[in-house]
Amino acid sequence: MSHTLGVRQAQKQKTRQALLDAALELLEHQSLSSLGLREVTRVVGVAPTAFYRHFDSTAELGVALVEEALGSLHETITTMLTTTGSNEERLGRTVELIARLVRTHPSHVRFIARERHGGVQRVRDAIGGQLARFAEEVAEGLAADPVSAGWSRDDLRMLALHYVEHMVMTASVFLETPPERMDAAIDVATRQLRLVNLGRAHWLD
């Protein structure tokens, strides 16, 4: 009995992932607000009614895509912030993380960039919530840095939000940058962060 339940659960998870993958593929060329569940189920090869065994709407599917795109990055960002090294090394790691994300998951990056200000409120809220979590994690990392001695909590959060906004902006730029110009784009993004870092060092002067 337990074996049968395990097989069914595995098949259910497989179908759910297939729906997510199909939606992400279709969203390469349209917004979530224009996506129909019948389009998604047609790609997967299941009946439209099967969609509701996994998601209550395309909005909920979109929220699941947000989690898939951004949820796994929290541990990576925390590790990056707490790893020892100079600020210069951290800047390089930050930009490389963004570049690697764009290389390995361009569809997810495009989805986040488009839907962050898209027409589906639940998805906008989900993206905003993830980015707010990133900002809190970055603020905690900044607070532990000796450079931040004397900074107020509000100022740390302001700087953290700036870093997160820069991450999103940089990912969008990298997404549209042809391979032959990527090195130059990475250099610009790194210099932008270096400029912020210089200002940070003198914020309390």
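Residues numbered from 1 in each chain as written. Predicted model: local features only at pLDDT ≥ 70, side-chain atom pairs only at ≥ 80, totals over all residues. Heavy atoms only, no water.

A. Spatial organisation of the nonpolar core. Leu65, Phe111, Phe134, Val138 and Phe174 are the most contacted members of the largest nonpolar core, which has 59 residues in total. Beyond its immediate stretch of four places on either side in the chain, Phe111 contacts Leu24, Leu27, Gly62, Leu65, Val66 and Val123. (Core = buried A, V, L, I, M, F, W, Y, C linked by side-chain atoms within 4.5 Å. Buried < 20%, exposed > 50% of the residue type's maximum accessible area, 1.4 Å probe, protein only. Contact = heavy atoms within 4.5 Å.)

B. Main features of the packing of helix H4 (residues 58-70) against helix H8 (residues 121-143). In the contact formed by H4 and H8, the axes pass within 8 Å of each other and the chain directions differ by 20°. In terms of axis orientation, H4 runs roughly parallel to H8. Crossing handedness for the pair H4 and H8: right-handed. Residues Ala59, Glu60, Gly62, Val63, Val66, Glu67 and Leu70 of H4 touch H8, and the partners they reach there are Arg122, Val123, Ala126, Ile127, Gln130 and Phe134. (Axes fitted to C-alpha atoms, helices over the stretch in contact; angles between N-to-C directions. Helix = DSSP H or I, 4+ residues; strand = E, 2+ residues; numbered from the N terminus. Parallel < 35°, antiparallel > 145°, perpendicular 65-115°, else oblique. Left-handed = near helix turned anticlockwise from the far one by under 90°.)

C. Main features of helix H7 (residues 106-115). If you check which residues of H7 are buried, you get His108, Val109, Phe111, Ile112 and Glu115. Taken end-on, H7 shows its buried residues confined to a sector of 160°, consistent with a single buried face. (Arc of directions from axis to C-beta.)

D. Broad picture of a nonpolar patch on the surface. A surface patch of nonpolar side chains, amounting to about 310 Å² of accessible area, comprises Met158, Trp203 and Leu204. By the element assignment, Met158 lies in helix H9 (residues 153-175). Residue classification places Met158 among the partly exposed residues on the basis of a relative accessible area of 43%. (Patch = residues over 30% accessible without salt bridge, like charges linked within 9 Å, V, L, I, M, F, W, Y side chains within 5 Å. Areas by Shrake-Rupley, 256 points an atom, 1.4 Å probe, with all protein chains shown as cover. Salt bridge = Lys/Arg side-chain N within 4 Å of Asp/Glu carboxyl O.)

E. Region of the structure containing the environment of Leu73. Summarising the element assignment, Leu73 is placed in helix H5 (residues 73-82). Distance from Leu73 to Arg191, taken between C-alpha atoms, is 23 Å for residues 118 residues apart in sequence. The contacts of Leu73, once residues within four sequence positions are left out, are Leu101 and Phe134.

F. Expanded view of the packing of H7 against H9. Between H7 and H9, the shortest axis-to-axis distance is 10 Å and the interhelical angle comes to 125°. In terms of orientation, H7 and H9 fall into the oblique class. Where H7 crosses over H9, the two elements pack in a sense that is left-handed. Only Ala171, Ser172 and Leu175 of H9 make contact with H7, whose side of the interface consists of Pro106, Val109, Arg110 and Ala113.

G. Spatial organisation of H9. Compared with the 33 Å implied by 1.5 Å per residue over 23 residues, the 33 Å span of H9 between its first and last C-alpha is a close match. Residues of H9 that are buried: Leu156, Leu159, Ala160, Tyr163, Val164, His166, Met167, Val168, Thr170, Ala171, Phe174 and Leu175. (Expected span 1.5 Å × (residues − 1).)

H. A look at the packing of aromatic side chains. Counted under the stated rule, the structure contains three aromatic pairs. Relative to Tyr52, the ring of Phe51 lies with its centre 5.7 Å away and its plane at 85°, an arrangement referred to as edge-to-face. Aromatic side chains Phe51 and Phe55 sit 5.7 Å apart centroid to centroid with 45° between the ring planes, which places their arrangement in the tilted category. The same class applies to Phe51 as to Phe55, namely buried. Taken together through their ring pairs, the aromatic side chains of Phe51, Tyr52 and Phe55 make up a single cluster. (Phe/Tyr/Trp six-rings, centres within 6.5 Å; stacked < 30°, edge-to-face > 60°.)

I. Here's a closer look at the pattern of salt bridges. A full pass over the atoms with the stated rule returns eleven salt bridges. Asp56 is the partner of Arg122 in a salt bridge, and the nearest nitrogen-oxygen pair spans 3.5 Å. In this pair, Arg122 is assigned in helix H8 and Asp56 in the loop between helix H3 (48-51) and H4, connecting sequence segments 66 residues apart. Residue Arg100 pairs with Glu96 through a salt bridge whose shortest N-O separation is 4.0 Å. Here Glu96 and Arg100 lie together in helix H6 (residues 87-104), a separation of four residues that amounts to about one turn. By relative accessible area, Arg100 is classed as partly exposed at 38%. Within the structure, one salt-bridge network assembled from shared partners comprises Arg90, Asp145 and Arg200.

Geometric descriptors of this kind do not, in isolation, establish any biological role.
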